[in-house]
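Take a look at the letters that make up each chain.
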Amino acid sequence: MSDIREEIEKRRTFAIISHPDAGKTTLTEKFLLYSGTINTAGSVKGKATAKHAVSDWMDIEKQRGISVTSSALQFEYDGCVANLLDTPGHQDFSEDTYRTLMAADSAVMVIDGGKGVEPQTRKLFKVCAMRHIPIFTFINKMDRDALDTFDILDDIEKNLGVATCPVNWPIGSGKNFRGIYDRQLKDVLTYSETLKGTKEGVENRIPVSDRSALSAAIGEEATEKLMGEVELIDGAAESFDLEEVKAGMLTPVFFGSALQNFGVEIFMHEFLKMAPAPEARKSDMGLIDPYSSDFSAFVFKIQANTNKAHRDRIAFMRICSGKFRSDMNVKHVQSGRVARLSQPQQIIADDRKTLDEAYAGDIMGVIDPGIYAIGDTFCMPKDKYQYEGIPTFAPEHFARVRQVDTMKREKFVKGITQIAQEGAIQIFREIGTGMEEIICGVVGVLQFDVLKFRLENEYNVEIILEQLPYEHIRWVKEWNGDVKEIVGTSDMKRIEDLKGNPLLIFVNEWSVGMVLDRNKGLELAEFSR
Ligand code: G4P
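Described below are features of the structure shown in this document.

### Observations regarding the packing of helix H11 (residues 409-421) against helix H12 (residues 446-459)
At a closest axis distance of 10 Å, the pairing of H11 and H12 adopts a crossing angle of 125 degrees. When the axes of H11 and H12 are compared, the pair comes out oblique. The hand of the H11/H12 crossing is right-handed. Each of Lys411, Phe412, Gly415, Ile416, Gln418 and Ile419 in H11 lies in contact with H12, whose residues at this interface are Leu451, Arg454, Leu455 and Tyr459. Its residues assigned to classes, the contact of H11 with H12 shows six nonpolar, two polar and two charged.

What follows is the structure in structure tokens.
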């Protein structure tokens, strides 16, 4: 029993959220490098080099050199067992990216110091904020010209609605980058052009009380400026409150350069110290204690066709309580089936490793016999509870889908419905066109390619996708009359889900307001299920 507690207390399960190019891959690589999981930089895919990511599995991923679906990496550092959930961020951004955040206990937000908060960061942040998980901010690329530090913090606060607390403070940026000031220890970690790129720990730490040593190291001007800024932040910045951090209301902010190995070690150390171990999770029978010896987990992602020869599907689950052993029987609550899980596995660096045991906080993949669905619960045979489901996120891209060979209608409908049930896409019907047109909605455009690829390969159905300009979707919540009578704009389309519930899709946010203005009594609701 006590070894279970000890193991679980060490777990830190987190995701990195960022906009493409902010440095997520580089930072991940440094985490793996510092923890000794990989030996050389360059092992983790950079999108430019199109090397395969350690998590690349699917055929389509290999063809493109990108990672379509997310998985998890485990590494040990500072006595912690870190489970880093991979959230695809380039054109492979998808609903899976959001779902993965449902399995994380905290998040690292990487921001490019030269750019500030960018759109994808904002979207991912919103999902984290919905769950009130702690978010730790790393302002990256300080070795390049960055925005004014106060402006960056202001941007985070205004744009994301979260208070910030700088844990350290940068001294200049770009050519004038001299290091960071550690607010807790009140000393300066100096950055040197000559040592850049070497493993950290070799730079000097100079206490700010030693003004002459500091001036000699970073220059008189930078010292003056730093002292002024320190006075300002000590007076104006939010004071550090771990409880607020844990509630996701305050984000500790760190500065550095992932590429040059600067500020990463301090960040890793502090972040893993503050990030929470697994906490109790809500089920329909109340909170489930992670430290209970009874195993439980929920499925947050299903990945199809990892092995073309077997056409298998892998269900990824997050363990929420207790200890898993590969020889134990567990219950799949939704089907009532009690059995051993098939081929439990874990991904460590570039290996898929068979898993004999795992603990709350860990992520594992198992072969899906075709009955698992996203959000399903696994627990001990005696237990009867279910974890809360995973929300469906609003699609942001839409396309009209037609099969090339109209004789294959049945196969087409079966295929597209099955893929929709897996959660890879969402399907709707057009209202009022008199035609049985299927509209497909996705979070990331690459899912259209995945749909086409899978229909062709698995169902032998060729399709034509006509991408539509809509980006916003709302439920029709309240409307007295026929949906066809809603006075629209040229930027609006009426659709329904497969149960016949009406929705409206819009090209821009502005048309949403316009349509509301034009139709008295119309109420629209945000999309979530
Ligand atoms: P992402 O996963 O968030 O998309 O970003 P990634 O780490 O791939 O970084 C994007 C680009 O930014 C890469 O350059 C990377 O080397 C660079 N970069 C990351 N961190 C830093 C940093 O701290 N300082 C500087 N100056 N650059 C940084 P690239 O040329 O696009 O790719 P590559 O050929 O170097 O892989």
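### Considering the site of the ligand
In the vicinity of the ligand lie 18 residues, with Asp21, Lys24, Thr25, Thr26 and Asp143 positioned nearest. One of the side-chain N or O atoms of threonine 25 is found 2.4 Å from an oxygen atom in the ligand. In the model, a nitrogen atom of the ligand is placed 2.8 Å from a nitrogen or oxygen of the aspartate 143 side chain. Starting from 700 Å² of accessible surface for the ligand in isolation, the protein chains cover 78%.

### Quick notes on the sheet that holds strand S11 (residues 250-255)
Here we have seven strands laid out as an open sheet, ordered S2-S3-S1-S4-S5-S11-S6, and mixed in their pairing. Each of the sheet's edge strands pairs with one partner strand only, and the pair in question is strand S2 (72-77) and strand S6 (163-166). Across the sheet, the mean angle from the axis of one strand to that of its neighbour is 30 degrees, orientation sign disregarded. Bridge count between strand S5 (residues 135-140) and S11: three bridges; the pairing is parallel. Bridge pairing links threonine 137 to valine 253 in S11. Each of strand S1 (11-18), strand S4 (106-112) and S5 is contacted by helix H5 (residues 119-131), which is oriented at about 145 degrees to S1, the strand it contacts most. Contacts from helix H6 (residues 149-160) reach S4, S5, S6 and S11 within the one sheet, and its direction differs from that of S6 by about 150 degrees.

### Points about the pattern of salt bridges
One pass over the full model with this rule turns up 32 salt bridges. One salt bridge connects glutamate 7 with arginine 11, and the closest N-O pair in it is separated by 2.7 Å. Looking at arginine 11, the relative accessible area reads 5%, which means it is buried. One salt bridge in this structure joins glutamate 224 and arginine 211, with 3.1 Å as the shortest N-O distance. Of this pair, glutamate 224 sits in helix H8 (residues 220-236) while arginine 211 is found in helix H7 (residues 211-218), placing the two residues 13 residues apart along the sequence. Under the relative-accessibility criterion, glutamate 224 is labelled partly exposed at 47%. A cluster of three or more residues bridged by salt bridges with shared partners is formed by Arg400, Arg402, Glu430, Glu437, Glu466 and Lys493.

### Some points on the sheet that holds strand S30 (residues 502-506)
Each strand in a sheet pairs with its neighbour through backbone hydrogen bonds, running either in the same direction (parallel) or in the opposite one (antiparallel). As summarised here, the arrangement of the eight strands in space is S27-S24-S26-S25-S29-S30-S28-S31, forming an open sheet in which the pairing is antiparallel. Each end of this open sheet is capped by a strand with a single partner; those strands are strand S27 (463-468) and strand S31 (523-526). The mean angle between the axes of side-by-side strands here comes to 40 degrees, regardless of whether they run parallel or antiparallel. Sheet topology note: the strand S24 (residues 397-403)/strand S26 (residues 438-442) ladder contains five bridges and is antiparallel. Looking across to S26, one finds that arginine 400 is bridged to isoleucine 439. Across the sheet, H11 is in contact with S24, strand S25 (426-430), S26 and S27; its angle to S24 comes to roughly 155 degrees. Along the sheet, helix H13 (residues 509-518) contacts strand S28 (472-478), strand S29 (492-496), S30 and S31; its crossing angle with S30, the most-contacted strand, is approximately 130 degrees.

Criteria and cut-off values
- Residues numbered from 1 in each chain as written.
- Predicted model: local features only at pLDDT ≥ 70, side-chain atom pairs only at ≥ 80, totals over all residues.
- Heavy atoms only, no water.
- Axes fitted to C-alpha atoms, helices over the stretch in contact; angles between N-to-C directions.
- Helix = DSSP H or I, 4+ residues; strand = E, 2+ residues; numbered from the N terminus.
- Parallel < 35°, antiparallel > 145°, perpendicular 65-115°, else oblique.
- Left-handed = near helix turned anticlockwise from the far one by under 90°.
- Contact = heavy atoms within 4.5 Å.
- Nonpolar A, V, L, I, M, F, W, Y, C, P; charged D, E, K, R; others polar.
- Near = heavy atom within 4 Å.
- Polar contact = N/O pair within 3.5 Å; in protein donor to acceptor, adjacent residues only side chain to side chain.
- Areas by Shrake-Rupley, 256 points an atom, 1.4 Å probe, with all protein chains shown as cover.
- Pairing = 2+ DSSP bridges.
- Salt bridge = Lys/Arg side-chain N within 4 Å of Asp/Glu carboxyl O.
- Buried < 20%, exposed > 50% of the residue type's maximum accessible area, 1.4 Å probe, protein only.

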